[in-house]
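Close look at the chain arrangement
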Amino acid sequence: MGRCRPLRGLLYLTVVLTVLVAWGTSAVSADRQSRRANQEGSVVSVDLAQAVSTALARNLRMADSRLAIEEKERQRREAFSDFFPSIDTQYYANWYRYRSTSNLQLLGAVNDSRRFRIDPYRLFRLTATVTQPLYTGGKLLNDYKYARLGVDYSAIQFEVNRQDLILDVYEAYYQLVQSEKLLQVAEESVRALEALRNQTMEFYKAGVVPKVDVLSTEGQLAQARIQRTQSLTDIEKFKATLSFLLRYPQETPLRVRHDIAYRPNNYAIPGIYAVAAANRPEIRQANISVEQAMALVKSSKADLLPSVSVQGIGSRINDDWNPFDPEAVNDWQIRGILTWTFDMFRRRETVQERRASQARAFVA
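This section reports on the structure supplied with the text.

Each value, and the rule that gives it
- Residues numbered from 1 in each chain as written.
- Predicted model: local features only at pLDDT ≥ 70, side-chain atom pairs only at ≥ 80, totals over all residues.
- Heavy atoms only, no water.
- Helix = DSSP H or I, 4+ residues; strand = E, 2+ residues; numbered from the N terminus.
- Buried < 20%, exposed > 50% of the residue type's maximum accessible area, 1.4 Å probe, protein only.
- Contact = heavy atoms within 4.5 Å.
- Areas by Shrake-Rupley, 256 points an atom, 1.4 Å probe, with all protein chains shown as cover.
- Axes fitted to C-alpha atoms, helices over the stretch in contact; angles between N-to-C directions.
- Parallel < 35°, antiparallel > 145°, perpendicular 65-115°, else oblique.
- Left-handed = near helix turned anticlockwise from the far one by under 90°.
- Nonpolar A, V, L, I, M, F, W, Y, C, P; charged D, E, K, R; others polar.
- Phe/Tyr/Trp six-rings, centres within 6.5 Å; stacked < 30°, edge-to-face > 60°.
- Core = buried A, V, L, I, M, F, W, Y, C linked by side-chain atoms within 4.5 Å.
- Patch = residues over 30% accessible without salt bridge, like charges linked within 9 Å, V, L, I, M, F, W, Y side chains within 5 Å.
- Salt bridge = Lys/Arg side-chain N within 4 Å of Asp/Glu carboxyl O.
- Pairing = 2+ DSSP bridges.

Description of the overall build of the chain
Along its length, the chain carries 9 helices and 6 strands. Residues classed as buried in the chain amount to 26% of the 364 residues present. Pairs at least 24 apart in sequence give 82% of the contacts found in the chain among residues at least 6 apart. As displayed, the chain has an accessible area near 25100 Å², and 57% of this comes from carbon and sulfur atoms.

In C-alpha cells form, the structure reads like this:
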C-alpha cells in the first residue's frame, strides 16, 4: 500500500497536468478564433457600385469642386451687385482756431431764422453719399458675364472631376480583380510545377530522363513563384489605390466582390465620334473659355471710354458731436460725374493682351 501511494499521486498529477494543458490549448485556440473573427469582421467588403458611391461622397477632389462652384457663385453675386448704387457714410470732426467766413455766413443765416447760435470754431459733419453708375461702356455688363460663365465652367469642371473619379475607381477595382485572378492562376501553376518537378526528379533518379529536364522544370517553377510574388505585390498596390480613392486608411483590409460579367455596348464607328463630341464636357468648357476671353476683351475696351454716374450727397452740420441735434444744419446736393481717364497706351496694350488670350482659348 505504501508503494501505491506515490504512483497514485503521480497519476493524479498527470491527470491534472493533462487537464490544464487541454484547457490552455482550448483557450489559445478560442482566442485565435476570436481574433480571426474580429479580423474578418473588420474587413471592408465592397462591390463596384458601393465603391463608386463611397468615392463620390468622400473624395476630396469632389469636395474641392463643390467649393469652387460656391466660390464662383459668390463672385457672380459680387459682380451683379455693381449694378446697384453704393452708399458711403462719413463722420467728420474739426476744430477751427480762426473763424471761417463761409461758415459764419451760412450759420449766420440759420441763426437769424432760428434765433440760436452755432459755434463756428467747431465743426461736426455727418455725410451720406449715394453713387449710381449710369454708363460704363459695357464694363459692368461684361464683368458680370465673365463671372456668370465662371459659374458654368466650375459646374462643368465638377462633372469632369466626377467622371474622372469614377473612371479611376473602375480602373483600380478591375485591376484588383485581375490581380486576384492572376494570383489564383500563379498558385495553380506553382502547385502543378511542383508536382511536375517531383515527378521529373523521380524519373531522373530512375534514369528515365536526363538532368536537363529537372533543371528546366526548376526554372519554370522559379518563374511561376516570381509571377505569384508579382501578383501579391499588384494586389497590395491596387488595394492601396482603391483605399486612397475611397479615403480609407492604407492599412484597411479591403475585399472586393468580383463582378466580371461581360456587358457589350451598341457603339460603332464612326457614329461614336459624334456621340463623344456631343457629350464630352471638356468641349463645352472650351467654348465657355472662349466666351470668357471675349468678355474680358470687351471689358478692357470699355476702359477706353468715359463713364457717367450720378451722385447724391446729404450732410448734417453741427457744432456738437451729435449731428442729429435740432440745432444742426442740413445740406444736400446732386452731382453728375463724367470720368474719362486718358491712359491710352497702357489700356490699349491691355486690350491686345486680352485678344491674345482669346486667340489662345480658341486654339485650345
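Concerning unusual backbone geometry
Of the consecutive residues Ile-269 and Pro-270, the connecting peptide bond is found in the cis state with omega at 5 degrees. By the element assignment, Pro-270 lies in the loop between strand E4 (254-256) and helix H7 (271-279).

Describing the packing of helix H2 (residues 48-58) against helix H5 (residues 139-205)
One way to put it is that H2 packs onto H5 with a least axis distance of 10 Å and a crossing angle of 140 degrees. On the basis of their axis angle, the class for H2 and H5 is oblique. Between H2 and H5 the crossing geometry is right-handed. From H2, Leu-48, Ala-51, Val-52, Ala-55 and Leu-56 reach across to H5, where they touch Arg-162, Leu-165, Ile-166, Val-169, Tyr-170, Tyr-173 and Tyr-174. For the contact of H2 with H5, the class distribution of residues is 11 nonpolar, no polar and 1 charged.

What about the side chain of Asn-161?
By the element assignment, Asn-161 lies in helix H5. According to the relative accessible area criterion, Asn-161 is buried, its value standing at 12%. Discounting residues that sit within four places of it in the chain, Asn-161 has contacts with Arg-61, Met-62 and Ser-65.

Things to note about the packing of aromatic side chains
As enumerated under the stated definition, the model contains 7 aromatic pairs in all. Considering the side-chain rings of Tyr-173 and Tyr-174, the 5.1 Å spacing of their centres and the 90 degrees angle between planes classify their relative orientation as edge-to-face. The exposure class of Tyr-174 is partly exposed, given its relative accessible area of 29%. On the basis of an interplanar angle of 25 degrees and a centroid distance of 5.1 Å, the ring pair of Trp-340 and Phe-342 is categorised as stacked. The class of Trp-340 is partly exposed, set by a relative accessible area of 42%. Ring pairs connect the aromatic residues Phe-80, Phe-83, Phe-84 and Tyr-144, which therefore count as one cluster.

Examining the side chain of Gln-358
By the element assignment, Gln-358 lies in helix H9 (residues 344-363). Every residue in contact with Gln-358, bar those within four places of it in the chain, is listed here: Ala-293, Met-294 and Val-297.

Examining the nonpolar core
Ranked by size, the top nonpolar core spans 24 residues in total, and within it Val-52, Leu-165, Val-169, Leu-176, Leu-242 and Val-256 carry the most contacts. Elements supplying a minimum of two residues to this core: strand E1 (44-46), H2, H5, helix H6 (211-246) and E4. The greatest single-element share of this core, amounting to 9 residues, is contributed by H5. Contacts of Val-256, omitting those with residues within four sequence positions, involve Val-46, Tyr-173, Leu-176, Val-177, Glu-180 and Leu-242.

Some words on H2
Residues Leu-48, Ala-51, Val-52, Thr-54, Ala-55 and Leu-56 constitute the buried set of H2. Lining the buried residues of H2 we find helix H3 (60-80), H5 and H6.

Some points on a nonpolar patch on the surface
A contiguous nonpolar patch, built from Tyr-267, Ile-269, Ile-272, Tyr-273 and Val-275 and spanning about 530 Å² of accessible area, is present on the exposed surface. Take Ile-269: it is sitting in the loop between E4 and H7.

Examining the sheet that holds strand E3 (residues 122-135)
On the basis of which strands lie adjacent, the open sheet formed by 4 strands has the order E2-E3-E5-E6 and antiparallel pairing. Where the open sheet ends on each side, the last strands, each with one partner, are strand E2 (86-95) and strand E6 (329-339). Neighbour to neighbour, the strand axes of the sheet diverge by 20 degrees on average, direction disregarded.

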